[in-house]
Amino acid sequence: MLVRWVPPSKGAIKLNVDGSSRGNPGRAGCGGLLRDQDGNCITGFVSHIGFAGSVAAELVAIRHGLWLAWQFGYRKVECENDCMVALEIIHDNAEDFPEFADIVEEIHQFMLLEWDVIIYHVMREANSCADFLAKIGSCSSSAFSLLNRPPPELTHLLLADSKGVLYSRA
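Residues numbered from 1 in each chain as written. Predicted model: local features only at pLDDT ≥ 70, side-chain atom pairs only at ≥ 80, totals over all residues. Heavy atoms only, no water.

The full count for this structure, using the stated rule, is five salt bridges. With its nearest N and O atoms 2.7 Å apart, the salt bridge here joins Glu80 to Lys14. Of the two residues, Glu80 is situated in strand E5 (residues 76-81) and Lys14 in strand E2 (residues 13-22); the sequence distance between them amounts to 66 residues. Judged by relative accessible area, Glu80 falls into the buried class, the value being 3%. The partner of Glu125 in a salt bridge is Arg169, and the shortest N-O contact between them spans 2.9 Å. With Glu125 in the loop between strand E6 (116-121) and helix H4 (128-139) and Arg169 in the segment after strand E8 (167-168), this residue pair connects regions lying 44 residues apart in the sequence. Since its relative accessible area comes to 24%, Arg169 is described here as partly exposed. (Salt bridge = Lys/Arg side-chain N within 4 Å of Asp/Glu carboxyl O. Helix = DSSP H or I, 4+ residues; strand = E, 2+ residues; numbered from the N terminus. Buried < 20%, exposed > 50% of the residue type's maximum accessible area, 1.4 Å probe, protein only.)

On to helix H3 (residues 101-111), then. Those residues of H3 not exposed but buried are Ile103, Val104, Ile107 and Phe110. Each buried residue of H3 sits inside an arc of 115 degrees when the element is viewed along its axis, so together they form one side. Check the buried side of H3 and you find it contacts helix H1 (54-71), helix H2 (84-91) and E6. (Arc of directions from axis to C-beta. Contact = heavy atoms within 4.5 Å.)

This part covers the pairing of E5. Counting buried positions along E5 yields five of six residues, so the element is predominantly enclosed. Two elements, E2 and E5, share four bridges in a ladder whose sense is parallel. Counterpart to Leu15 in the pairing with E5 is Cys79. Relative to E6, E5 runs parallel, the two sharing six bridges. Residue pairing for E6: Asn81 is matched across the bridge by His121. (Pairing = 2+ DSSP bridges.)

Over its twelve residues, H4 extends 17 Å from the first C-alpha to the last, a length consistent with the 16 Å expected when each residue adds 1.5 Å. Within H4, the full set of buried residues consists of Ser128, Cys129, Ala130, Leu133, Ala134, Gly137 and Ser138. If you follow the buried residues of H4, they end up packed against E2, strand E3 (26-35), strand E4 (41-52), strand E7 (145-147) and helix H5 (155-162). (Expected span 1.5 Å × (residues − 1).)

What follows is about the packing of H1 against H2. H2 packs onto H1 with a crossing angle of 65 degrees between their chain directions and a minimal axis gap of 9 Å. Classified by chirality, the crossing of H2 by H1 is right-handed. Counted together, Val55, Glu58, Leu59 and Ile62 of H1 and Val85, Ala86, Leu87, Ile89 and Ile90 of H2 form the full contact between these two elements. Across the contact of H1 with H2, the residue classes break down as eight nonpolar, no polar and one charged. (Axes fitted to C-alpha atoms, helices over the stretch in contact; angles between N-to-C directions. Left-handed = near helix turned anticlockwise from the far one by under 90°. Nonpolar A, V, L, I, M, F, W, Y, C, P; charged D, E, K, R; others polar.)

Right, let's talk about the nonpolar core for a bit. In summary, soluble globular proteins display a tendency toward joint burial of nonpolar side chains. The biggest cluster of nonpolar side chains holds 30 residues, and the ones touching the most others in it are Leu59, Ile62, Leu66 and Ile107. Contributions of two or more residues to this core are made by E2, E3, H1, E5, H2, H3 and E6. Here this core gets eight residues from one element, more than from any other, and that element is H1. Residues in contact with Leu59, not counting those within four places in the same chain, are Ala86, Ile90, Phe100, Ile103, Val104 and Ile107. Residues Ala130, Leu133, Leu154 and Leu158 belong to the second largest nonpolar core, which totals nine residues. (Core = buried A, V, L, I, M, F, W, Y, C linked by side-chain atoms within 4.5 Å.)

The next thing to look at is the packing of H2 against H3. At a minimum axis distance of 10 Å, the contact between H2 and H3 shows a crossing angle of 70 degrees. Taken together, H2 and H3 sit at an angle that is classed as roughly perpendicular. Considering how the two elements wind past one another, H2 and H3 form a crossing that is right-handed. Here H2 contributes Ile89, Ile90 and His91 to the contact with H3, which in turn contributes Val104, Ile107, His108 and Met111. The residue makeup of the contact of H2 with H3, split by class, is five nonpolar, two polar and no charged. (Parallel < 35°, antiparallel > 145°, perpendicular 65-115°, else oblique.)

What follows is the structure, encoded as structure tokens:
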């Protein structure tokens, strides 16, 4: 199967988010970025969240990303994440995971705001920019850092996404 980053639909902004836990549980962080139809990075974030598991890091990434999109005034947002478990918790079985009740409630509250937001799954290969930022977040000492421009090391991944580079998924 071939996978690539897909631009947002007309009039929408793309929010890619990811979490990272080194050890699961371990030193955890998350990251994300907002992109336009051409794949240009508008803004992003990295966040260190302390000692946590990967699902918790993914949920924090979604919450931070939705907050960022709302604060920047975007009202049509397509949020992509590569953790099926986190998305199932948000969409279907939050009651089965009481340890995530507070963060899932915050995400649900964001989803109820006056905007058009969808959160869905993508393959890891289509989420490489957010994965890169999440790894930075897990090594960071800052609880939340807004990125006015992407780190230079992210440039090649952003360019590949904007050009529609295909990745093979075994």
